[in-house]
Amino acid sequence: MVFDVSVALTWILYLALFPMAFFWFRRAWRIVVKRDFSEVALKRGVPPPNAEKYAPFEMIINLIAGTVAAVVIVSVAFGQLDYNTWTAIAGSTIWCKFFIGFALSRQAHASVPRPKAEKA
């Protein structure tokens, strides 16, 4: 095996799955057990005023993404998935989690009235 850019990127993707799965499981845990809605549907770092309404959706998104990442980690470690399969699953999971989370945050903040700019 020759160490080149593709090997380095493969290792980066695989090793990045560990903290991503941890943070996604931690966010789901905070929503379900601790009832902490401070990280639900964030837009520019601010949760919506009715974050509890969107908490189940955020929890499901994080739980599914974390579970898929954990399954990929274990499957790659045991050699059950070939390279093309696990990179496709991992990449699709990451992108889908970000896009669905983005859509949820925009939906949660859509009903919030924007402050009007003051006239000078």
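In this report, the structure presented in the accompanying data block is examined. Because the structure is a prediction, the values reported are computed rather than measured.

Along the protein chain, the regular secondary structure elements total three helices and zero strands. Reading the helices (α) and strands (β) of the protein chain from amino to carboxyl end gives α-α-α. Each of the three principal axes of the protein chain carries a C-alpha extent, and together these read 65 × 40 × 15 Å. Considering the protein chain as a whole, with its 120 residues, one finds that 32% of them fall into the buried category. Taking all contacts inside the protein chain whose residues are at least 6 apart in sequence as the whole, residues at least 24 apart take part in 70%. The distance from the centre of the 13 positive side-chain charges to the centre of the 7 negative ones in the protein chain is 11 Å.

All right, on to helix α1 (residues 5-32) then. For α1, built from 28 residues, the straight-helix expectation of 40 Å at 1.5 Å per residue is met to within 8% by its first-to-last C-alpha distance of 40 Å. At Leu 17, α1 shows its maximal bend, which comes to roughly 25 degrees, and the proline Pro 19 appears one to four places after that position. All of the buried residues in α1 are Val 7, Thr 10, Tyr 14, Leu 17, Met 20, Ala 21, Trp 24, Arg 27, Ala 28 and Ile 31. Contacts from the buried residues of α1 go to α2 (51-77) and α3 (83-110).

Once that is clear, we can look at the pattern of salt bridges. Per the counting criterion, the structure on display carries four salt bridges. Close ionic contact of Arg 27 with Glu 39 constitutes a salt bridge, the shortest N to O distance being 3.1 Å. Pair noted here: Arg 27 is in helix α1 and Glu 39 is in the loop between α1 and α2, with a separation of 12 residues, a long-range link. Residue classification places Glu 39 among the partly exposed residues on the basis of a relative accessible area of 25%. Each of Arg 27, Arg 30, Glu 39 and Glu 58 takes part in a single network of salt bridges with overlapping partners.

A separate point is the side chain of Glu 58. Along the chain, Glu 58 turns up in helix α2. Residue Glu 58 is classed as buried on the basis of its relative accessible area, which comes to 4%.

Rules and cut-offs
Residues numbered from 1 in each chain as written. Predicted model: local features only at pLDDT ≥ 70, side-chain atom pairs only at ≥ 80, totals over all residues. Heavy atoms only, no water. Helix = DSSP H or I, 4+ residues; strand = E, 2+ residues; numbered from the N terminus. Buried < 20%, exposed > 50% of the residue type's maximum accessible area, 1.4 Å probe, protein only. Contact = heavy atoms within 4.5 Å. Lys, Arg positive; Asp, Glu negative; His and termini not counted. Charge placed at Lys NZ, Arg CZ, Asp CG, Glu CD. Expected span 1.5 Å × (residues − 1). Bend = angle between axes of the 7 residues up to and from the residue. Salt bridge = Lys/Arg side-chain N within 4 Å of Asp/Glu carboxyl O.

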